[in-house]
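Understanding the architecture of this molecule
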Amino acid sequence: RHAIIPDRIEAATYLIAAAATKGKIELQNTNAEHLGVVLKDLKRAGVYVEVKNPGKEDESIVCGWKGPLKPVSISTEVFPGFPTDIQAQWMALMCLVKGKTVIKETVFENRFLHAAELRRMGADIEISGRKAVVTGVPKLSGATVMVSDLRAGAAMIIAGLAAQGRTTVRRIYHLDRGYENLEKKLTKLGARIRRVKP
């Protein structure tokens, strides 16, 4: 018998979405130890993070926006470093934070395709090789964007939830590879999101 461990990437995606939308979330059935560097960087950015009952079966993570956030630069690494699979979501969050953030991608090549889609929404991002410089903007605006891969799709959803106006995210089949019932879970949290047939 074996219990499958919680998905740290899915968990981190929801935590970042809460911060980007100035909301609050409590995640159950997760493991804060697996999210160490992400939780640390969220705290550095000024996000409220609390781990309840650490190490126990009923452990949960509370995350919420508590005021203007600060830019936090990251460099992706293998575990236990900052996950490459959270890089796109972090970029979406940093687009809304005043100041400059440097994001270095050291694990995969050509993993900044989501930057062009974020720019459609008004983001200020400059790419140079494996480095992206994000200058925060006061707001993102809804747009029609395309998903290039699974995690880029998560970034588009986060940006769309935080943006003013309507955002349409196309090619969401990428998202279904890594997030089960994403729109239903977000709807339970108060998001106005729905899946539509083309």
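Structural data are supplied above this passage.
Residues numbered from 1 in each chain as written. Predicted model: local features only at pLDDT ≥ 70, side-chain atom pairs only at ≥ 80, totals over all residues. Heavy atoms only, no water.

Attention now moves to the packing of aromatic side chains. Applying the stated criterion across every chain yields a total of 1 aromatic pair. Plain terms: the ring middles of Phe82 and Trp90 are 5.6 Å apart, the flat faces sit at 70° to each other, and that makes the pair edge-to-face. Both residues of the pair, Phe82 and Trp90, belong to the buried class. (Phe/Tyr/Trp six-rings, centres within 6.5 Å; stacked < 30°, edge-to-face > 60°. Buried < 20%, exposed > 50% of the residue type's maximum accessible area, 1.4 Å probe, protein only.)

Taking strand neighbours across the sheet as the criterion, the 4 strands line up as S4-S5-S7-S6 in an open arrangement whose pairing is mixed. Taken across any chain shown, the strands that pair with only one partner, and hence form the sheet edges, are strand S4 (74-75) and strand S6 (124-128). (Pairing = 2+ DSSP bridges. Helix = DSSP H or I, 4+ residues; strand = E, 2+ residues; numbered from the N terminus.)

Summarising the element assignment, Asp41 is placed in helix H2 (residues 36-44). Of the residues examined, Asp41 reaches a relative accessible area of 5% and is grouped as buried. Residue contacts for Asp41: discarding those within four places in its chain leaves Val72, Ile74, Phe82 and Trp90. (Contact = heavy atoms within 4.5 Å.)

Geometric descriptors of this kind do not, in isolation, establish any biological role.
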